[in-house]
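Here is how the chains run, residue by residue.
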Amino acid sequence: MLFSTVAWAQKLSPVGIWTNEEGKARFEIYQSGDKLYGKIVQLKEPLRNGKPKLDDNNPDKKMRNRPLQGMVFMKDFKYDGDNKWDDGTIYDPESGKTYSCYMKMKGKDKMEVKGYIGISLIGRTQNWTRVE
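Residues numbered from 1 in each chain as written. Predicted model: local features only at pLDDT ≥ 70, side-chain atom pairs only at ≥ 80, totals over all residues. Heavy atoms only, no water.

With 22 residues, the main nonpolar core has I29, F73, M74, M103, M111, V113 and W128 as its most contacted residues. Elements represented by at least two residues in this core include exactly strand 2 (25–32), strand 3 (35–43), strand 6 (72–79), strand 7 (84–92), strand 8 (97–107) and strand 9 (110–116). Beyond its immediate stretch of four places on either side in the chain, V113 contacts M74, I90, C101, Y102, M103, R124, T125, Q126 and W128. (Core = buried A, V, L, I, M, F, W, Y, C linked by side-chain atoms within 4.5 Å. Buried < 20%, exposed > 50% of the residue type's maximum accessible area, 1.4 Å probe, protein only. Helix = DSSP H or I, 4+ residues; strand = E, 2+ residues; numbered from the N terminus. Contact = heavy atoms within 4.5 Å.)

Glancing now at the environment of R124. With respect to the secondary-structure elements, R124 resides in strand 10 (residues 123–130). A residue is classified by how much of its surface remains accessible, and R124, at 53% relative accessible area, is exposed. For the pair R124 and K114, spaced ten residues apart in the sequence, the C-alpha separation amounts to 5.6 Å. Residues contacting R124, with those up to four places away along its chain left out, are E22, V113, K114 and G115.

Next up on the list: the pattern of salt bridges. For the structure shown, the criterion picks out ten salt bridges. In this structure, the salt-bridge partner of K24 is E94, at a minimum N-O distance of 3.0 Å. Linking K24 in the loop between strand 1 (16–19) and strand 2 with E94 in the loop between strand 7 and strand 8, this pair joins segments that are 70 residues apart in sequence. Given the relative accessible area of 44%, K24 is considered partly exposed. Using a relative accessible area of 57% as the deciding quantity, one classes E94 as exposed. When the shortest N-O distance is used, the salt bridge between D82 and K104 registers 3.1 Å. Taken together, the residues D82 in the loop between strand 6 and strand 7 and K104 in strand 8 connect sequence positions 22 residues apart. Taking the relative accessible area as the measure of exposure, D82 reaches 60% and is therefore exposed. Of the residues examined, K104 reaches a relative accessible area of 17% and is grouped as buried. (Salt bridge = Lys/Arg side-chain N within 4 Å of Asp/Glu carboxyl O.)

Before going further, it helps to examine the packing of aromatic side chains. In total, this model carries six aromatic pairs according to the counting rule given. Taking 5.0 Å as the distance between ring centres and 45° as the angle between the ring planes, the aromatic pair formed by F27 and F73 counts as tilted. Placement of F27 in strand 2 and of F73 in strand 6 is noted, with a sequence separation of 46 residues between them. The buried category is assigned to F73, whose relative accessible area is 6%. When the ring of Y30 is compared with that of Y37, the centres are 5.9 Å apart and the planes differ by 25°; the resulting orientation is stacked. For Y30, a relative accessible area of 23% gives the class partly exposed. For Y37, a relative accessible area of 18% corresponds to the buried category. Through a chain of ring-to-ring contacts, three or more aromatic side chains come together here, namely F27, F73 and W128. For the cation-ring pair, K39 lies above Y30, with the distance from its terminal atom to the ring centre recorded as 5.8 Å. Geometry around Y91 places R66 over its ring, the cationic atom sitting 5.6 Å from the centre. (Phe/Tyr/Trp six-rings, centres within 6.5 Å; stacked < 30°, edge-to-face > 60°. Lys NZ or Arg CZ within 6 Å of the ring centre and 35° of its normal.)

Below you can see the structure in the form of C-alpha coordinates.
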(Lines give C-alpha, C1' and ligand atoms only; values in the text may rest on other atoms or scores of the structure.)
Protein backbone atom coordinates (compact mmCIF):
# COMPACT_ATOMS: atom_id res chain seq x y z
CA MET A 1 0.00 0.00 0.00
CA LEU A 2 2.78 2.46 0.92
CA PHE A 3 4.67 1.57 -2.27
CA SER A 4 1.70 2.46 -4.45
CA THR A 5 1.35 5.82 -2.68
CA VAL A 6 5.02 6.60 -3.32
CA ALA A 7 4.70 5.53 -6.96
CA TRP A 8 1.65 7.78 -7.40
CA ALA A 9 3.46 10.75 -5.84
CA GLN A 10 6.41 10.19 -8.15
CA LYS A 11 4.04 10.10 -11.13
CA LEU A 12 2.92 13.63 -10.28
CA SER A 13 6.36 14.94 -9.39
CA PRO A 14 7.10 18.59 -10.18
CA VAL A 15 10.69 17.71 -11.15
CA GLY A 16 11.20 18.99 -14.69
CA ILE A 17 11.09 22.17 -16.79
CA TRP A 18 8.14 24.56 -16.40
CA THR A 19 6.92 27.90 -17.68
CA ASN A 20 4.69 30.45 -15.98
CA GLU A 21 1.42 31.91 -17.25
CA GLU A 22 3.14 34.88 -18.89
CA GLY A 23 5.74 32.69 -20.59
CA LYS A 24 8.52 35.07 -19.50
CA ALA A 25 10.85 32.29 -18.42
CA ARG A 26 11.46 28.58 -18.04
CA PHE A 27 12.25 27.08 -14.66
CA GLU A 28 13.85 23.81 -13.68
CA ILE A 29 12.48 22.15 -10.56
CA TYR A 30 15.06 19.66 -9.28
CA GLN A 31 15.69 17.53 -6.22
CA SER A 32 18.66 17.87 -3.89
CA GLY A 33 18.58 15.52 -0.91
CA ASP A 34 14.98 15.28 0.27
CA LYS A 35 14.03 18.83 -0.86
CA LEU A 36 13.09 20.48 -4.13
CA TYR A 37 14.59 23.65 -5.59
CA GLY A 38 13.95 25.78 -8.65
CA LYS A 39 16.22 27.77 -10.90
CA ILE A 40 15.70 30.03 -13.90
CA VAL A 41 17.05 28.18 -16.94
CA GLN A 42 15.81 30.44 -19.73
CA LEU A 43 14.46 33.98 -20.02
CA LYS A 44 12.29 35.04 -22.95
CA GLU A 45 14.25 38.30 -22.95
CA PRO A 46 17.64 37.42 -21.40
CA LEU A 47 19.35 40.70 -22.26
CA ARG A 48 18.95 44.31 -21.13
CA ASN A 49 20.94 46.88 -23.11
CA GLY A 50 22.89 44.06 -24.76
CA LYS A 51 23.98 42.50 -21.44
CA PRO A 52 22.54 39.60 -19.40
CA LYS A 53 19.74 40.71 -17.06
CA LEU A 54 20.93 40.99 -13.47
CA ASP A 55 19.23 40.73 -10.08
CA ASP A 56 18.93 44.55 -9.93
CA ASN A 57 16.13 44.66 -7.33
CA ASN A 58 17.78 42.45 -4.72
CA PRO A 59 17.75 44.15 -1.30
CA ASP A 60 21.29 42.81 -0.74
CA LYS A 61 23.49 45.12 -2.83
CA LYS A 62 26.16 42.40 -3.12
CA MET A 63 23.67 40.15 -4.98
CA ARG A 64 22.68 42.71 -7.62
CA ASN A 65 25.46 41.66 -10.00
CA ARG A 66 24.31 38.04 -10.32
CA PRO A 67 22.62 37.06 -13.58
CA LEU A 68 18.94 36.07 -13.41
CA GLN A 69 19.47 33.16 -15.79
CA GLY A 70 20.80 30.24 -13.75
CA MET A 71 19.69 31.76 -10.44
CA VAL A 72 18.14 29.47 -7.80
CA PHE A 73 14.97 31.31 -6.81
CA MET A 74 12.94 28.52 -5.14
CA LYS A 75 14.34 26.73 -2.10
CA ASP A 76 13.71 24.05 0.52
CA PHE A 77 10.37 22.51 -0.54
CA LYS A 78 9.39 19.37 1.38
CA TYR A 79 6.81 16.83 0.32
CA ASP A 80 3.67 17.40 2.37
CA GLY A 81 1.41 14.65 0.97
CA ASP A 82 -1.40 14.85 -1.56
CA ASN A 83 0.96 15.95 -4.39
CA LYS A 84 1.92 19.11 -2.50
CA TRP A 85 5.38 20.43 -1.66
CA ASP A 86 5.40 23.05 1.09
CA ASP A 87 7.60 25.03 3.51
CA GLY A 88 9.65 26.49 0.68
CA THR A 89 10.44 30.02 -0.39
CA ILE A 90 10.22 31.79 -3.73
CA TYR A 91 12.20 34.89 -4.65
CA ASP A 92 10.63 37.40 -7.04
CA PRO A 93 13.45 39.16 -8.92
CA GLU A 94 11.00 41.78 -10.24
CA SER A 95 10.29 43.05 -6.70
CA GLY A 96 13.36 41.78 -4.83
CA LYS A 97 11.08 40.09 -2.27
CA THR A 98 11.07 36.54 -0.93
CA TYR A 99 7.82 34.82 -0.03
CA SER A 100 6.74 31.59 1.63
CA CYS A 101 5.57 29.22 -1.08
CA TYR A 102 4.02 25.88 -1.92
CA MET A 103 3.72 23.87 -5.13
CA LYS A 104 0.76 21.57 -5.78
CA MET A 105 0.45 19.30 -8.78
CA LYS A 106 -2.91 19.68 -10.53
CA GLY A 107 -2.13 17.03 -13.14
CA LYS A 108 0.89 15.54 -14.85
CA ASP A 109 1.74 18.81 -16.65
CA LYS A 110 -0.05 21.44 -14.54
CA MET A 111 1.09 22.87 -11.23
CA GLU A 112 -0.22 25.55 -8.87
CA VAL A 113 2.52 27.72 -7.35
CA LYS A 114 1.49 30.07 -4.56
CA GLY A 115 3.68 32.69 -2.90
CA TYR A 116 2.40 34.29 0.28
CA ILE A 117 3.26 36.18 3.45
CA GLY A 118 2.01 34.69 6.71
CA ILE A 119 -0.82 32.30 5.85
CA SER A 120 -1.33 30.65 2.48
CA LEU A 121 -4.94 31.84 2.18
CA ILE A 122 -3.66 35.26 1.13
CA GLY A 123 -1.10 35.49 -1.64
CA ARG A 124 -0.53 35.20 -5.35
CA THR A 125 -1.20 31.99 -7.25
CA GLN A 126 0.18 31.09 -10.66
CA ASN A 127 -0.51 28.05 -12.78
CA TRP A 128 2.61 26.66 -14.40
CA THR A 129 2.76 24.30 -17.37
CA ARG A 130 5.38 21.61 -17.87
CA VAL A 131 7.41 22.09 -21.04
CA GLU A 132 9.81 19.13 -20.58
